[in-house]
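Here is how the chains run, residue by residue.
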Amino acid sequence: MNIKFYRLAGTGLLFFLLLFSGSALKAQFNKTHWATDGYQYYSMEGDQLVELDTRDSAKKTVLLTKEMLTPAGKPALRVENFYISDDGQKVLIFTNSKRVWRYNTRGDYWVYDLAAKTLKQLGTARPASSLMFAKLSPDGTKAAYVSEHNVFVQELGSGSEKQLTTDGTKKLINGTFDWVYEEEFDCRDGFRWSPDSRAIAYWQIDASKIKNYDMLNTTDSIYPYVVPVEYPVAGEDPSSCKIGVVDVSTAKTTWINVPGDPIQHYIPRMEWAKNPNQLILQQLNRAQNDSKLIVANVSNGTTAVIHDEQAKAWIDAGDGRDPIGWNWLSKGTSFLWLSEKDGWRHMYKIDLDGKETLITKGNYDVIDLTLIDDAGGYIYFMASPENATQKYLYRIKIKGGNAERVTPAEQPGTHEYEISPNGRIALHSFSNIYTPHTSEVVSLPDNKHISGKLIQLNQAAKNKPEFFKVKTVDGVEMDGWMVKPTNFDPAKKYPVVFYVYSEPAGATVTDSWGSGRNFLYTGNMAEDGYIYISLDNRGTPAPKGADWRKSIYKSIGLVNIEDQAMGAKEILKWPFVDSTRVAVWGWSGGGSCTLNLMFQHPEIYKTGIAIAAVGWQLTYDNIYQERYMGVPIDDASRQVFIKGSPITYAKNLKGNLLYIHGTGDDNVHYKNAEMLINELVKYNRQFELMSFPNRSHGIFEGPGTTTYLRTLYTKYLREHCPPGGR
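Rules and cut-offs
Residues numbered from 1 in each chain as written. Predicted model: local features only at pLDDT ≥ 70, side-chain atom pairs only at ≥ 80, totals over all residues. Heavy atoms only, no water. Pairing = 2+ DSSP bridges. Helix = DSSP H or I, 4+ residues; strand = E, 2+ residues; numbered from the N terminus. Domains from an automatic or database assignment. UniProt positions renumbered as here; feature names shortened; annotations may be inferred. Core = buried A, V, L, I, M, F, W, Y, C linked by side-chain atoms within 4.5 Å. Buried < 20%, exposed > 50% of the residue type's maximum accessible area, 1.4 Å probe, protein only. pLDDT = per-residue confidence, 0-100. Contact = heavy atoms within 4.5 Å. Axes fitted to C-alpha atoms, helices over the stretch in contact; angles between N-to-C directions. Left-handed = near helix turned anticlockwise from the far one by under 90°. Nonpolar A, V, L, I, M, F, W, Y, C, P; charged D, E, K, R; others polar. Salt bridge = Lys/Arg side-chain N within 4 Å of Asp/Glu carboxyl O. Polar contact = N/O pair within 3.5 Å; in protein donor to acceptor, adjacent residues only side chain to side chain.

Labelled according to an unreviewed UniProt entry, the protein appears under the name Prolyl tripeptidyl peptidase, originating from Mucilaginibacter gotjawali.

### Thoughts on the pairing of strand 43 (residues 688-692)
For strand 42 (residues 656-662) and strand 43, the ladder comprises five bridges, and the chain directions are parallel. Bridge pairing in strand 43 links Tyr 659 to Leu 689.

### Some points on the domain arrangement of the protein
Per the domain assignment, the segments making up the protein are domain 1 (38-160) and domain 2 (466-720). For domain 1 versus domain 2, the separation of C-alpha centres amounts to 43 Å.

### A closer look at the UniProt feature "domain: Peptidase S9 prolyl oligopeptidase catalytic" (unreviewed entry) in the protein
Cross-referencing UniProt, the feature "domain: Peptidase S9 prolyl oligopeptidase catalytic" (unreviewed entry) maps to residues 525-702 in the present numbering. For the annotated span residues 525-702, helix accounts for 35% and strand for 19% of the residues, and the straight-line distance between the end C-alpha atoms is 27 Å.

### Considerations on the sheet that holds strand 29 (residues 378-383)
Backbone-to-backbone hydrogen bonds join strands into a sheet, with any given pair of strands oriented parallel or antiparallel. Ordered by their spatial adjacency, four strands build an open sheet running 28-29-30-31, and the pairing between neighbours is antiparallel. Of all strands in the sheet, those bounded by a partner on one side alone are strand 28 (366-373) and strand 31 (404-405). Across two bridges, the pairing between strand 30 (residues 392-397) and strand 31 is antiparallel. Considered in strand 31, the bridge of Arg 395 is made with Glu 404.

### A short note on the nonpolar core
Counting residues in each nonpolar core, the largest one holds 47 residues, and the members touching the most others are Tyr 181, Ile 243, Val 245 and Leu 279. Among the elements of the structure, helix 2 (179-185), strand 15 (199-206), strand 18 (240-247), strand 20 (265-272), strand 21 (278-285), strand 22 (290-297) and helix 7 (622-629) are those that each provide at least two residues to this core. The next biggest cluster of nonpolar side chains, apart from the first, holds 44 residues, and it includes Val 500, Ile 533, Phe 576 and Leu 680.

### Re the confidence of the model for the protein
Per-residue confidence for the protein gives a mean pLDDT of 93, with 95% of residues at or over 70. Contacts for the low-pLDDT stretch residues 1-29, under 50 throughout, to residues beyond four places or in other chains number 111 contacts.

### Observations regarding the packing of helix 5 (residues 559-571) against helix 6 (residues 589-600)
Taken N-terminus to C-terminus, the directions of helix 5 and helix 6 make an angle of 65°; their axes are 10 Å apart at the nearest point. Crossing geometry of helix 5 relative to helix 6 is assigned as right-handed. Of the residues in helix 6, those touching helix 5 at Ile 561, Gln 564 and Ala 565 are Cys 593, Asn 596, Leu 597 and Gln 600. Residue composition of the contact of helix 5 with helix 6, by class: four nonpolar, three polar and no charged.

### Thoughts on the pattern of salt bridges
Applying the stated criterion across every chain yields a total of 35 salt bridges. When the shortest N-O distance is used, the salt bridge between Lys 292 and Asp 290 registers 3.1 Å. Residue Lys 292 is classed as partly exposed on the basis of its relative accessible area, which comes to 22%. Lys 391 serves as the salt-bridge partner of Glu 416, at 2.8 Å between the closest nitrogen and oxygen. Of this pair, Glu 416 sits in strand 32 (residues 414-419) while Lys 391 sits in the loop between strand 29 and strand 30, and the two are 25 residues apart along the sequence.

### Quick word on the environment of Phe 498
When you line up the elements, Phe 498 lands in strand 38 (residues 494-499). Taking the C-alpha atoms as reference points, Phe 498 and Tyr 532, 34 residues apart in sequence, are found 6.1 Å from one another. For Phe 498, the residues in contact, after removing those within four places along its chain, are Ile 533, Ala 568, Ile 571, Val 582, Ala 583, Val 584, Trp 585 and Tyr 605.

### Considering the side chain of Asp 365
Among the structural elements, Asp 365 can be located in the loop between strand 27 (356-358) and strand 28. A distance of 3.2 Å separates the side chain of Asp 365 from the backbone nitrogen of Lys 544, its partner in a polar contact. Within the structure, Asp 365 has its side chain in polar contact with the side chain of Arg 549 (distance 2.8 Å). Contact partners of Asp 365, with chain neighbours within four places excluded, come to Trp 344, Arg 345, Met 382, Ala 383, Ala 542, Pro 543, Lys 544, Gly 545 and Arg 549.

### Quick notes on the sheet that holds strand 35 (residues 448-452)
Taken together, four strands build an open sheet; the order of strands is 32-33-34-35 and the sheet is antiparallel. This sheet does not close on itself; its edge strands, each paired only once, are strand 32 and strand 35. Neighbour-to-neighbour, the strand axes of this sheet turn through a mean angle of 35°, independent of strand direction. Relative to strand 34 (residues 435-443), strand 33 (residues 425-432) runs antiparallel, the two being bridged by seven bridges. Each residue of the ladder has a partner; that of His 428, found in strand 34, is Glu 440.

Structure, rendered in structure tokens:
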């Protein structure tokens, strides 16, 4: 879809261009590994692990050499990720990883003991590359991990291993998650060490009643074979979910008495509440419009609801940060939570007794939290009150008040900060639509440059993409970007290509490097004579308030399509746009949007290229589709899904359509392609089809795949929407 989407919420139909480079096959993107003082951090440089100092770029201390990372009689470990123990004496190393759906989250783990100068492998009795999410205990004496759906613990000194759960299967999942929790809640790591290292809290997902979606692999053996994936479509019950706490010494699990039907709710967040006898968790109902925050007593499993929020549309899982961790204040007596209940995404302080205090105020959205500097009394967060296409660092006092912008005003665009634990140093990266990514180290709160490349705008950039706003006849004002042909002549008329996504999982109009570039086009669209445009409609996760984002509720395939089409109609009034040469394309949710635009508005769009689209919303997973469209429990509630589905309108196709899908897509199943084909055949609507055998949602596997896809895309576009001014 886009190179990198700005988002406020979950993943859904979203994926990144990084799939094409293979980066998504690696373990999830690493965060900076800070040393305890917050000035030093650790990094792999070649074959060695080094400690770097943010205040002195020349200072470097080697922590582990290649020789130290070489097991006896084996080649040196290829370190894919690492973790440092709290006391700085042990290094947990992840290597030899294998892919699990989106990321390489299982592999082998080793521990290097800096004091003993030993390198030992964890879980040697387990199958190779089967360990997941290994974590050192807070006291540094043990490690825990998941293997084949069970939780294990290992003493680092003696090497003895103990199996803490024994009932794990492919359908009864301990310590990790099923496909849909991972895809839609970003939940992968499913267990947590207690603060005193004596217990482990873990999720158990029971997918035994979830029907398998059977994909057929016809390419990897002489005889085809079935690849089953537990996949609950919209309208099907979710997996049952519960939380257990297992005693490390006895392997006895105490189950937490979470209220309600375990099948008709989700638990996307769970952490220890800063003491070894309390857990805190978020519970969402099936419709995801009722969010409860619950504190649990570990010793007896009892629970108490301390916060309950309900909404007319949906409530996002989590609070703007990773699914791992909780944003504690005041040594664990209160925490930060994000809510849209007053119409904007604001921060609230919530005490463990449920008392709530609004911290941020005003007509702006908190995009995400960056750091809580409890000692300094400030919260750092990302926001952009004046321009929804951009992102800047702000800070506000924990007790509330006025937010203060930290990012310099002379750097318009999109900023990211990884702030050190002490709140005084940050790794800062910047880009805008015409300036490539640049990284530096800055001090805070003055944002003063310390080291790295000094951030400068690329003022010499040629043919910069232009931002604009367009207002539809319905009064909806949308942000957009446009890249004009290189030798643009306003007296001529040019073809326009619209790039779309349009759903709640992602926004395409961001002032960041990569916006305005078409990664599937071989060549240069501007030099060839195309106008390239993208618009963000209502329902996309731009920081424009809850009404903007939630207006698409129960209307995916309707509200977003009308906005896009009416925006296009305004653009077609521009004198340099050729209304006879209008193309649209998108991938996944953008593919669905492309189909709907081609079918619902054939008077506008003459050529479409749709990739991996959801053609029938009732085929997609329940967490995503029910979050935004409601729970389809009867014929009446199913109608909104049908009204928003491209297949409903396929008979209206008049233009040129190229449809592309991978037959091994575990996300948007190939069934969508076949249902669409049947409908187009039924009404004799001619189109072109490219099926990539056994490719997944990203369509990148196999030699030559990406090159072929890009060539196919470009050839079709040039043939049916010829470039150049006329």
